[in-house]
Every structure is written in C-alpha cells, then in structure tokens.
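Chains, contacts and geometry: an overview
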Amino acid sequence: MTQLGLPDTILACLFDLDGVVTKTAVVHAAAWKETFDAFLRDHQGPQERPFDEVADYDEYVDGRPRADGVRTFLDSRGIHLPEGAPDDPPDARTVHGLGNRKNDLLLERIRTGGVEAYEGTVRYLEAVRAQGLRTAIVSSSANCRDVLRAVGAEHFFDVRVDGVVAAERGLPGKPHPDTFLAAARDLGVEAARAAVFEDALAGMDAGRAGGFGHVVGVDRVGQADALYAHGASIVVKDLTELGGKR
C-alpha cells in the first residue's frame, strides 16, 4: 500500500460527489422525503408508510440518476407512473415530474443552507494531487459543477462525468459501471488501475461490476457491512483514515 492507503498499482482516483466530497447526501435525502411523502399522501392517503430517509434512501435512490431513483422507489411500493419528459413541470404526475420536483427542493435547500465539503476529503484530494495521481468526479447529479464551484473544489478534478455528461453520452447511471468506466477512459487509465471512492450501495455495485482495482466505501451513516457486501475493498468513515497527510 502507498502512503495514500491505496495499492501501488493505482494511477487514478474516481470520486463520487454527494457524501464523499460534499455534505449534500443529507440534503438530497430530505428533498426526496419531502417529494415522496407528499406524493404518497396524495396517491394512497395518509395511511401510506412515508419515505424513510435512511433505509429507502440507501436502497432505492442514493447514487442513482434522478429518474432511476423515482422509478426504483415507486416500484418498491407497487406504484407505476408514466415516464413523461425531462422538461415536465414539477407538479406533473410522471417519473420526470417527480424528479424535477425533488430537484427544485434540492436547489432551494442548497441556496438557503449552503453546501460544505468534507474537510478530510479535501485534505486527501490535496495529497492525491501532490502524488501526481489523476482524478475524476463521477456523480449522477446534474448539479455537480455548481456544487463543486460552491465549495471551491472544481480544481481538484481533471475530468467530470456527471448527470449532464452521462445524458450527452447516453451512459446508464449507477449501479451500472459506465460512468466510472468513462471517467477512467477520459483519464487514459485502465479500470484495474483506478480506485473508486463511494458512499452509496449503488456506487459499490458499479465499482465491483466495472472491475476497478480498488473500491473505497465511505461510511457516513453506519452501513459498513452493506458496503462490504456490495463490493467495497475497504470501508472508512473518513478519507483521512487512509493516510495522505502532506
């Protein structure tokens, strides 16, 4: 292992955004809860079990593209909606309409509450860059660039493969490995020589499916066992546990 806590074969690091670089996972979960709870009350009445910000978020929406998260969660409740179109208004009773409602709530929360980066991740990124490893941000969020700019972290990454780029290239999102594989290709590195850093179970699945050389699970919510079960090579609560002090 290197002083960064990585196998010495690793040449590139591919980082998820929410929950790994920035403290936005909890904001996403709250926006999903507000969206789904209002829909469930309207669709099936107040007796319907509300969206769980931990169990439902981790299992059905965390790390997935927005529309996939809507479909997967509603499928778990036996609910099927028309797809609609990506520009559906947020009050439309469609997959895209619900997703756009969630995004409006998310952006409102980001504007009013601000966004922070994890200090330990910033220090680790500084060390990774100092060691000359290549870096990419890989996120399902269409707001990735704005969030990175808000926390002053855009300069840490050579490549960005986010929701916008994935849509342009027709890449399926996590748990499929395609966005991570695209980032590795953009960096000119084989998957086996790249490390994935993820906090979502869908991200673990993507890292395992893509054949990456090392998959770091970042456990912010006490799900270490699940991260290992979904393919983590190692699980840490903060990236400072890997080393990388400058």
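So, a few notes on the structure that sits alongside this text. (Residues numbered from 1 in each chain as written. Predicted model: local features only at pLDDT ≥ 70, side-chain atom pairs only at ≥ 80, totals over all residues. Heavy atoms only, no water.)

When you line up the elements, A182 lands in helix 8 (residues 178-187). Considering only alpha carbons, one finds A182 and R169, 13 residues apart in sequence, at a separation of 9.5 Å. Residue contacts for A182: discarding those within four places in its chain leaves V161, R169 and L171. (Helix = DSSP H or I, 4+ residues; strand = E, 2+ residues; numbered from the N terminus. Contact = heavy atoms within 4.5 Å.)

The next point concerns the pairing of strand 5 (residues 214-218). With five of five residues buried, strand 5 is to be regarded as a mostly interior element. Sheet topology note: the strand 4 (residues 194-198)/strand 5 ladder contains four bridges and is parallel. The partner of E198 across the bridge, within strand 5, is G217. Handedness of the strand 4-helix 9 (residues 201-209)-strand 5 crossover: right-handed. Taken together, the three bridges between strand 5 and strand 6 (residues 234-236) define a ladder with parallel strand orientation. Note on strand 6: the bridge partner recorded for V216 is I234. In this view, the connection linking strand 5 to its parallel neighbour strand 6 by way of helix 10 (residues 224-229) has right-handed handedness. (Buried < 20%, exposed > 50% of the residue type's maximum accessible area, 1.4 Å probe, protein only. Pairing = 2+ DSSP bridges. Right-handed = clockwise from strand over helix to strand, strands pointing away.)

Right, let's talk about helix 3 (residues 66-76) for a bit. Looking at helix 3, one finds that the buried residues are A67, G69, V70, F73 and L74. End-on view of helix 3: buried residues confined to an arc of 160 degrees, all on one side of the axis. Where helix 3 terminates, the next one or two residues include G78, which has phi positive at roughly 70 degrees. (Arc of directions from axis to C-beta.)

Counted according to the given criterion, the structure contains nine aromatic pairs. Relative to F157, the ring of F15 lies with its centre 6.1 Å away and its plane at 65 degrees, an arrangement referred to as edge-to-face. Placement of F15 in strand 1 (residues 12-15) and of F157 in the loop between helix 6 (144-150) and strand 3 (159-161) is noted, with a sequence separation of 142 residues between them. Side by side, F15 and F157 carry an identical accessibility label, which is buried. Taken together, a centroid distance of 4.4 Å and an interplanar angle of 15 degrees make the contact between F15 and F197 stacked. With F15 in strand 1 and F197 in strand 4, this pair connects stretches of sequence that are 182 residues apart. Residue class for F15 comes out buried when judged on its relative accessible area of 0%. Under the relative-accessibility criterion, F197 is labelled buried at 0%. Ring pairing ties together the aromatic residues W32, F36, F51, Y60 and F73, which thus form one cluster. Sitting over the ring of Y118, R220 keeps its end group 3.5 Å from the ring centre. (Phe/Tyr/Trp six-rings, centres within 6.5 Å; stacked < 30°, edge-to-face > 60°. Lys NZ or Arg CZ within 6 Å of the ring centre and 35° of its normal.)

Let us now look at helix 1 (residues 25-44). In this model, helix 1 (20 residues) spans 27 Å end to end at C-alpha, consistent with the 28 Å of a helix rising 1.5 Å per residue. Turning to helix 1, its buried residues number three or more, namely A25, V27, H28, A29, A30, A31, W32, T35, F36, D37, F39 and L40. Count one or two residues on from helix 1 and you reach G45, which has phi positive near 95 degrees. (Expected span 1.5 Å × (residues − 1).)

Spatial ordering of the open sheet is given by 3-2-1-4-5-6, a layout of six strands whose pairing is parallel. Strand pairing shows two members of the sheet lacking a second neighbour, strand 3 and strand 6, which therefore form its edges. Across the sheet, the mean angle separating the axes of adjacent strands is 20 degrees when strand polarity is ignored. Sheet topology note: the strand 1/strand 2 (residues 134-138) ladder contains four bridges and is parallel. When the bridges of strand 2 are listed, L14 appears paired with A136. In this fold helix 5 (residues 119-130) packs onto strand 1, strand 2 and strand 4, with an angle of close to 155 degrees to the strand it touches most, strand 1. Its contacts with the sheet place helix 9 against strand 4 and strand 5, and it is angled at close to 175 degrees to strand 5. (Axes fitted to C-alpha atoms, helices over the stretch in contact; angles between N-to-C directions.)

The buried fraction of strand 4 is high, at five of five residues. Strand direction decides the pairing type here: strand 1 and strand 4, joined by four bridges, are parallel. Within strand 4, the residue paired with F15 across the bridge is F197.

This part is about the side chain of D205. Within the secondary structure, D205 sits in helix 9. Looking at D205, its side chain comes within polar contact range of the side chain of H230, at 2.8 Å. Setting aside its immediate chain neighbours within four residues, D205 contacts P175 and H230. (Polar contact = N/O pair within 3.5 Å; in protein donor to acceptor, adjacent residues only side chain to side chain.)

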